[in-house]
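Listed below, chain by chain, are the residues.
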Amino acid sequence: MAVLLEMKDIHKVYPNGTKANQGVNLIIHEGEIHALVGENGAGKSTLMKILFGLEAPTAGEIIYKGEKIWFQGPKDAIKKGIGMVHQHFMLVPSLTVAENIVLGDEPRSGLFNLFRDRKKAISDTQKLIDEFGLKVEPEAKVETISVGQKQRVEILKVLHHGARLIILDEPTAVLTPQETDELFDSLKVLVKQGYTIIFITHKLREVMEISDRITVLRAGKSVGTLITKETNKEEISRLMVGRDVLLRVDKAKAKPKETVLAVENLVVNNNKGSTAVNKISFQIRAGEIFGIAGVEGNGQTELIEAITGLRKVRSGRIQYLNQDLVGKSVLEIRKMGIGHIPEDRQSRGACLTASIAENLILDRYRTKEFRTGPLLNAKQIREFSRQMIKAFDIRTESEDFPVGSLSGGNIQKVVIARELSKNPKLLIASQPTRGVDIGAIEFIHREIVKKRDEGTAVLLVSAELSEVMSLSDRIGVMYNGEMVAIIDNTEELTEQEIGQYMLGVKRQEREAAI
Amino acid sequence: MKRKSSFLLDLLGIASAAIVAVLIGFIIILLVSDQPLQAMKSLLVDPISNAFNFGTVLNKATPLIFTGLALSVVFRAGVFSMGAEGQLYVGAFFGAWVATFIPGLPAAIHIPLILIFAMLGGALYGAIPGLLKAYYNANEIVSTLMLNFVATLSVSYLLNNVFKDPASGGYARMPYIQPSAKLGKFMEALPTHSGIFIAIAAAVIIYLFLYKTKGGYELRLVGENPLFAEYGGINTKKVIVLSVMISGALAGIGGVVEVIGLHGALKDQFSVGLGFDGIIIALLARNHPIGVIAAAFFYAYLQVGAQTMQMNSDVSRELAVIIQVLLVLLVSAQAIFAYLKQRVHRRKRGEANAL
């Protein structure tokens with residue numbers, strides 16, 4: 001196949017000294033789906049921002065269609081037929097699908113072309129939809145459509161702008177398995193029509209399924225380009241991490257004991273005051289992992305906040321070891337032996353400007369051990385921090401460094417060190433491996449399973465269905481604030497089956513769910 | 001990324017901002033003055049050229065240390081209180097009342113009692129915007145600015161109508177304080193009262209509080225990341241109220257030390273914006289208690305230099321105000337400079353490569 005794009009020896013040094021790219025080479029063939037994989041911080045996003053004109057490289061050159069190019073901004077890139085679908089959607093929620101698609105390039109009509117031609121916008125959109133099979137309703141408001149449909153709108157927008165090379169940045173992060181399948185079908189249609197796609201991801205299963213070739217980045221360098229048909233997951237992950245990694249979670253069968261947490265008919269409001277958690281009931285026993293699957297925003301956040309005391313409960317009960325948690329303060333709940341790994345470590349789980357030591361002692365600084373008279377016991381804090389840094393393999397030179405100077409995986413290790421070292425009877429782990437590199441994911445999964453085997457009851461919430469399925473002993477599925485199914489995690493259980501519950505297509509009978 | 005190196009970088013940035021501000025001041029002197037060298041010398045050297053001037057620098061630095069500390073503490077807690085001025089008046093009033101109307105106490109009891117009352121007054125007055133913010137989500141900038149008027153005008157009213165010394169004539173003040181309440185000089189040669197030591201001690205105590213105690217840890221966490229503090233079980237509302245109260249207590253002592261150290265009586269309108277200067281001091285010191293001492297000294301130095309310059313040359317003291325304002329602009333603009341540098345850097349690269 002003809003070479004469409006070549007990026008040669010790209011370097012990017014940010015003004016603060018971060019070397020995001022240090023010699024990346026990438027060759028894209030016309031009409032292929034090229035997967036760009038690598039851990040977080042490997043430089044994938046930076047490379048694509050350079051290609052799309054959002055960042056200027058420090059060194060290196062880009063050859064596109066045989067011509068050396070340099071983009072001053074995304075406008076130039078769009079003019080040349082390059083489009084990018086960002087991880088976070090850039091749509092106007094109050095406008096319709098069609099209006100979003102033609103935004104910035106609206107068809108005009110009437111006197112002096114002063115007026116927007118709404119009909120033409122809709123017909124143009126419909127034409128695109130028919131051509132590529134990306135099903136959305138052109139006249140629906142964007143705020144009313146699903147996440148999967150929003151993504152289609154993003155892709156249609158890029159196509160409308162005339163892109164021939166489309167960059168997709170982690171497109172499946174927010175999709176259910178069914179939506180992912182549909183996305184892949186559309187991508188195949190696009191490629192058949194001669195479009196070229198760069199697909200950024202860190203999910204190896206998807207790489208194997210959809211891509212033609214794969215370029216792996218590690219620590220800002222391209223470490224290899226593979227042909228998908230001739231490689232396997234193990235080889236890719238070895239290239240990504242630089243060593244062999246265990247892709248499967250090794251765990252024995254759970255030996256559940258007494259009930260630790262029992263939630264009964266819990267109702268919780270969201271920030272806007274409407275119902276986010278609707279009459280949810282479930283139980284977790286000591287020594288088992290109960291995983292909650294579901295598309296994000298279906299009440300998981302509110303459920304966790306209610307259990308941990310961060311959010312008021314409207315009605316229902318939360319029994320923890322025969323005590324009611326409803327109405328108790330965060331501090332009281334913490335003192336009862338509940339560990340909580342929050343979903344957002346940047347804002348909840350860690351204080352980025354405070355030191356590693358200061359982050360680690362959050363659950364302990366009140367205890368006698370950590371005090372000398374009116375002062376905090378600096379020696380004890382230092383010793384405890386160093387012990388944690390060692391035990392949880394936090395990569396840093398000193399406990400006095402701000403947490404914000406660590407990588408995402410290491411920040412999460414600080415959170416996990418703090419919450420696991422208190423030996424909780426109930427551990428709540430919300431998105432424990434989000435944005436964390438493969439090496440750290442392996443470590444975090446092992447630690448969670450270890451706690452389970454020690455008799456901790458674990459409540460796991462994750463948007464990654466594969467994570468829920470590989471860790472959990474039982475799985476509850478949340479849809480629209482309700483627990484639509486509670487299923488034992490057996491060999492026969494498939495992602496597709498859970499996916500149907502996640503989308504609200506199927507639900508268990510209420511009696512069976514309790 | 002190391003704390004120490006970033007601290008040094010901060011220091012370097014602030015020092016260069018100070019130097020640039022003074023240099024711009026020099027340029028203005030060159031433009032307006034017939035005797036520029038004389039003016040520059042007066043501004044820079046005269047404040048330390050004799051004991052009287054130097055002692056005056058220390059006297060001027062004392063209240064600035066207190067208000068600088070007061071604002072550093074609330075800013076650390078993420079509360080943007082502008083209320084030091086009002087708290088200073090209320091604290092000064094409480095303390096001055098004890099200093100003036102309770103006779104017959106030995107100084108060793110009288111002075112601590114005065115300080116405690118001043119702290120109490122400031123803290124209680126600080127509690128009002130603190131509670132309003134924590135429990136009713138009232139914007140603290142608005143509430144503290146308004147309460148400043150309430151405090152200064154109430155104290156003024158009381159001085160003019162209730163506690164006025166009949167001998168004070170047109171210029172309202174309380175009667176002179178008891179002799180046992182007076183903060184004396186500590187060195188014959190210097191005109192400085194010993195309030196400077198109380199100020200330095202306060203800075204050290206606040207440093208220890210912020211960095212070495214449980215309360216300080218909680219206060220800093222609430223300021224740096226309230227969500228994290230809440231998640232850790234810290235009562236953020238309580239911490240917010242407490243921070244404004246500590247701030248008020250510090251401002252209150254700052255006010256009364258002026259009364260018992262410098263003026264000898266509570267005078268109407270005795271603080272000309274000490275509480276607002278404190279904002280600049282806290283900004284210069286990056287809210288660090290020990291840095292506050294240095295910043296207050298620098299600021300006082302500039303003020304005394306401006307006075308001597310006015311006396312000894314044809315440049316008026318308003319120039320010093322210009323330098324102060326430039327300083328604030330430059331220090332607060334540092335972040336903007338860093339951003340601009342990045343942008344220019346990026347653009348140059350892009351163009352060079354495009355050709």
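Note that this is a predicted model, so its numbers are computed, not measured.

Rules used throughout
- In this numbering scheme, every chain counts its residues from 1 along its sequence in written order.
- Following the order in which they are written, the chains are lettered starting with A and the ligands numbered starting with 1.
- Since the coordinates come from a predicted model, pLDDT governs what is reported: local features require at least 70, and pairs of side-chain atoms require 80 or more to be given and counted, while whole-chain, interface and lining totals use all residues.
- Only runs of H or I of at least four residues qualify as helices and only runs of E of at least two qualify as strands under DSSP, and these elements are numbered from the N terminus.
- The size measure is the radius of gyration over C-alpha atoms, and the globule rule it meets is 2.2 Å times the number of residues to the 0.38 power.
- In this scheme every C-beta is placed from the backbone, and a residue whose C-beta has 20 or more other C-beta atoms within 10 Å is buried, one with 12 or fewer is exposed, and one in between is partly exposed.
- The contact criterion used here is simple: two residues whose C-beta atoms, placed from the backbone, lie within 7 Å are in contact.
- Ten residue types, Ala, Val, Leu, Ile, Met, Phe, Trp, Tyr, Cys and Pro, are classed as nonpolar, four, Asp, Glu, Lys and Arg, as charged, and the remainder, Gly among them, as polar.
- Pairing between two strands is assigned when DSSP locates at least 2 bridges connecting them.
- Axes here mean lines fitted to C-alpha atoms, for a helix over just the part in contact, with angles spanning 0 to 180 degrees between N-to-C directions.
- An automatic or database domain assignment provides the domain bounds reported here.
- Here the word oblique covers every angle except those under 35 degrees (roughly parallel), over 145 (roughly antiparallel) and from 65 to 115 (roughly perpendicular).

Chemist: When you look at the overall build of chain B in this model, what are you seeing that I'm missing?
Modeler: Of regular secondary structure, chain B possesses 14 helices and zero strands. Ordered by position from N to C terminus, the α and β elements of chain B give α-α-α-α-α-α-α-α-α-α-α-α-α-α. Taken against the 2.2 N^0.38 rule, which gives 20 Å for 355 residues, the C-alpha radius of gyration of chain B at 22 Å falls within 12% of a compact globule. Counting across all 355 residues of chain B, residues that qualify as buried make up 48%. Long-range pairs, those at least 24 residues apart, make up 78% of the contacts in chain B between residues at least 6 apart in sequence.

Chemist: What's the story with the overall build of chain A in this structure? I'm lost.
Modeler: Each helix and strand in chain A was counted, giving 18 helices and 24 strands. Taken against the 2.2 N^0.38 rule, which gives 24 Å for 514 residues, the C-alpha radius of gyration of chain A at 25 Å falls within 12% of a compact globule. Expressed along its principal axes, the backbone C-alpha trace of chain A runs to roughly 75 × 50 × 45 Å. Burial statistics for chain A: of 514 residues in total, 46% are counted as buried. A separation of at least 24 residues holds for 68% of the contacts in chain A among residues at least 6 apart in sequence.

Chemist: What should I look at first to understand the interface of chain B and chain A in this one?
Modeler: Buried accessible area, meaning the area lost when the parts come together, often serves as the stated size of an interface. Counting from both sides, the interface comprises 23 residues of chain B and, opposite them, 29 residues of chain A. Within the residue set of the side of chain B that touches chain A, elements represented by two or more residues are α9 (214-224), α10 (226-231) and α14 (318-354) of chain B. Per element, the largest residue contribution to the side of chain B that touches chain A is seven residues, and it comes from α14 of chain B. Broken down by class, the residue content of the side of chain B that touches chain A amounts to seven nonpolar, eight polar and eight charged.

Chemist: Mind showing me how you'd approach the sheet that holds strand β16 (residues 315-320) of chain A here?
Modeler: Paired through backbone hydrogen bonds, the strands of a sheet run either parallel or antiparallel to each other. Residues and elements named next belong to chain A. The antiparallel open sheet is built from four strands, whose spatial order is β14-β13-β16-β17. For this open sheet the edge positions go to β14 (275-285) and β17 (323-324), each flanked by a neighbour on one side alone. With seven bridges joining them, strand β13 (residues 259-269) and β14 adopt antiparallel strand pairing. Each bridged residue has a counterpart across the sheet, and for Asn269 the counterpart in β14 is Thr275.

Chemist: Sorry, what's going on with the sheet that holds strand β12 (residues 221-227) of chain A here?
Modeler: All names here are of chain A. Judged by pairing direction, the sheet is mixed, and its six strands sit side by side in the order β6-β9-β10-β3-β11-β12 without closing on themselves. Two strands close off the open sheet at either side, each with one partner strand: β6 (82-85) and β12. Neighbour-to-neighbour, the strand axes of this sheet turn through a mean angle of 20°, independent of strand direction. Pairing of strand β3 (residues 33-37) with strand β10 (residues 196-201), which is carried by five bridges, proceeds in the parallel orientation. Across the sheet, residue Val37 finds its bridge partner in β10, namely Thr201. In this fold helix α8 (residues 233-241) packs onto β3, β11 (213-218) and β12, with an angle of close to 30° to the strand it touches most, β11.

Chemist: How do you make sense of the domain arrangement of chain A when you look at a structure like this?
Modeler: Residue and element names in this part refer to chain A. The domains assigned to chain A are domain 1 (3-241), domain 2 (246-337 + 425-514) and domain 3 (350-423). Summarising the inter-unit geometry, the C-alpha centres of domain 2 and domain 3 are found 27 Å apart. Taken together, the contacts link ten residues of domain 2 with nine residues of domain 3. Take the side of domain 2 that touches domain 3: its biggest share by element is five residues, from helix α15 (residues 438-453). Tallied by class, the residues present in the side of domain 2 that touches domain 3 amount to five nonpolar, one polar and four charged.

Chemist: Would you mind going over the packing of helix α14 (residues 408-420) of chain A against α15 of chain A with me for this structure?
Modeler: What describes two packed helices is the angle between their axes and the distance between those same axes. Residues and elements named next belong to chain A. Where α14 contacts α15, the two axes come as close as 10 Å, and the packing angle between them is 10°. Taken together, the axis directions place α14 and α15 in an arrangement best described as roughly parallel. Facing Gly409, Gln412, Lys413, Ile416 and Leu420 of α14, the residues of α15 in contact are Ala440, Ile444, Glu447 and Lys451. Looking at the contact of α14 with α15 residue by residue, the classes come out as four nonpolar, two polar and three charged.

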